[in-house]
Amino acid sequence: MNLSIRLAVLAGFGVALTFPVLAQNVKVTPLGGIDGEFCPQDRALVFEDPNGTRILYDPGRTVAGASDPRLGKIDIILVSHMHGDHVGNAHNKAPNSGSCEKPDMSVSAVPNTSAVNIAIAKKSKIVTGSEMPPFFAAKLKANSGDPADSILARFGGSVTVGGVRIATVTALHSNGVDPDYIGGDLGKAMKEAGIAGDVGLPTGYVLRFSNGLVVYLSGDTGIVADQEAVVRNFYHAKLAVMNMGDGFSTGPVEAAYVINELVKPVSVIASHANEVGTVGGKVRPGSKTETFMKAVKVPAYIPLSGKTMEFDAEGKCTAGC
Ligand SMILES: [Zn+2]
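Computed from a prediction, not measured in an experiment: that's the story for all the values here. (Residues numbered from 1 in each chain as written. Predicted model: local features only at pLDDT ≥ 70, side-chain atom pairs only at ≥ 80, totals over all residues. Heavy atoms only, no water.)

## Points about the overall build of the protein chain
- Counting secondary structure elements, the protein chain contains eight helices and 21 strands.
- Seen through its C-alpha atoms, the protein chain measures out along the principal axes to roughly 80 × 50 × 40 Å.
- Residue burial in the protein chain is summarised as follows: out of 321 residues, 51% are buried.
- If you take every contact in the protein chain between residues at least 6 apart in sequence, the share linking residues at least 24 apart comes to 65%.
- Put simply, the protein chain shows about 13,400 Å² of open surface, and 58% of that area lies on carbon and sulfur atoms. (Helix = DSSP H or I, 4+ residues; strand = E, 2+ residues; numbered from the N terminus. Buried < 20%, exposed > 50% of the residue type's maximum accessible area, 1.4 Å probe, protein only. Contact = heavy atoms within 4.5 Å. Areas by Shrake-Rupley, 256 points an atom, 1.4 Å probe, with all protein chains shown as cover.)

## So, the sheet that holds strand β14 (residues 214-217)
- Spatially, seven strands are ordered β9-β10-β13-β14-β15-β16-β19 in an open sheet, and the strand pairing comes out mixed. With one partner strand each, in any of the chains shown, β9 (159-161) and β19 (300-301) form the two edges of the open sheet.
- Across five bridges, the pairing between strand β15 (residues 239-243) and strand β16 (residues 267-271) is parallel. Considered in β16, the bridge of N243 is made with S271. (Pairing = 2+ DSSP bridges.)

## A few points about the sheet that holds strand β7 (residues 125-128)
- Pairing is mixed across the open sheet formed by eight strands, whose spatial order is β8-β7-β4-β3-β2-β1-β20-β21. The open sheet has two edge strands with one neighbour each: β8 (150-152) and β21 (317-319). Strand-to-strand twist in this sheet, taken as the mean axis angle between neighbours without regard to direction, amounts to 30°.
- Summarising the sheet, strand β2 (residues 45-48) and strand β3 (residues 54-57) pair through four bridges and their orientation is antiparallel. (Axes fitted to C-alpha atoms, helices over the stretch in contact; angles between N-to-C directions.)

## Topic: the coordination of the zinc ion
- Coordination of the zinc ion by the protein comes from H81 (NE2), H83 (ND1), H173 (NE2) and D220 (OD), over a distance range of 2.2 to 2.5 Å.
- Every donor counted, the four donor atoms about the zinc ion form angles of 87 to 175° at the centre, which fits irregular coordination.
- The sequence pattern formed by the donor residues of the zinc ion is H-x1-H-x89-H-x46-D. One end of the pair, H83, is in the loop between β4 (76-78) and α2 (84-87); the other, H173, is in the loop between β10 (164-170) and β11 (176-177), and 90 residues separate them in sequence.
- Relative accessible area serves as the criterion here: at 22%, H83 is assigned to the partly exposed category. (Donors = N, O, S within 2.8 Å, 3.2 Å for Na, K, Ca; no water. Tetrahedral: all angles 85-135°; square planar, octahedral: opposite > 155°, others 65-115°.)

## Quick look at helix α3 (residues 114-122)
- S114, A115, V116, I118 and A119 are the residues of α3 that are buried.
- Those residues of α3 that are buried lie in contact with β3, β4, α2, β5 (90-91), β7 and α4 (132-142).
- A positive phi of about 55° marks K123, the residue just after α3.

## Points about the packing of aromatic side chains
- Following the criterion strictly, the structure yields six aromatic pairs and no others.
- Both rings, one in Y57 and one in Y205, keep their centres 6.5 Å apart while their planes meet at 85°; by these two values the pair is edge-to-face. Pair noted here: Y57 is in strand β3 and Y205 is in strand β13 (residues 203-208), with a separation of 148 residues, a long-range link.
- Assessed through its relative accessible area of 1%, Y57 is described here as buried.
- Given a relative accessible area of 0%, Y205 falls into the buried group.
- In textbook terms, an aromatic cluster arises when at least three aromatic residues are bridged by ring pairs, as seen for F135, F136 and Y181. (Phe/Tyr/Trp six-rings, centres within 6.5 Å; stacked < 30°, edge-to-face > 60°.)

## Details of the state of the cysteines
- Counted by the stated rule, this structure contains two disulfides.
- The partner cysteine of C39 in its disulfide is C100, sulfur to sulfur 2.1 Å. Judged by the sign of its S-S torsion, about -120°, the bond between C39 and C100 is left-handed. Taken together, the residues C39 in the loop between β1 (26-30) and β2 and C100 in the loop between β5 and β6 (107-108) connect sequence positions 61 residues apart. Side by side, C39 and C100 carry an identical accessibility label, which is buried.
- There is a disulfide in this structure between C317 and C321, and the S-S distance comes to 1.9 Å. The S-S bond linking C317 to C321 shows a torsion near 95°; that makes this disulfide right-handed.
- Residue classification places C321 among the exposed residues on the basis of a relative accessible area of 52%. (Disulfide = S-S within 2.5 Å.)

## Looking at the pattern of salt bridges
- Counted under the stated rule, the structure contains twelve salt bridges.
- Where E192 meets K188, a salt bridge forms, and the shortest distance between an N and an O atom there is 3.5 Å. Here K188 and E192 lie together in helix α5 (residues 184-193), a separation of four residues that amounts to about one turn. (Salt bridge = Lys/Arg side-chain N within 4 Å of Asp/Glu carboxyl O.)

Quick look at the structure:
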């Protein structure tokens, strides 16, 4: 090899080594009810690792089932807990059907759940904690999926899938399995008695992406000491996705306390408002969303449906915010 060819090869390597460094951001894309808005049922976020692994967090009711064109490739599905607005007991017909105020939830997803329907169509792994994995394994098996695609990450441990380390953390909430997912005589009897199935505790998540970014996903939760002791002191989360809808979980004031005093991330994304949070893409005056945004001391971002935000390893938003 003569010198000029060697230099050309080295230059080629230089380019190849430089480009991934420039692109080391995690992309976060909300899949909400209405493009460009933050609506009452919005839960679902897609995280894309710099290595291409795509993770769907809490599909809920705004992902229009497995055929939603916004999904693309989904490698991993996370479900914080079994409530219908997170696992998806029903969903809209298509993105942007219904209005922000009156979302379309006309397509039933029982007894499977939308999470399972998407996992089967996309051949995704479902990673959950507590005692949820056997439930999802049974649903996958019942629908000709592979039960081994339901993977456990119980409190204190972690699993690495697609280069992303996934751990579950405390969420102080409830986690009943609606009898509609059980069906048959047992499901009917449970429904009449007003009781739900038991798959253990609900969870939040901590994700460590391949660029080093650590993200806390609160799930539905009250205020818990683990948000400081575990999420901050052990995992050092730099970006938080914080549920602030009130009534069912922390409200905007409590959620802001969690961010300001316990987790102390670099940035936060509001989630789970259970209200029309924005009009024309701007925070609605008088909303819980506005209260939360004003109360947090770190940069806070609204998950506008379809608008991709990018975060670096330190949790700083570098694009789309
Ligand atoms: Zn819930």
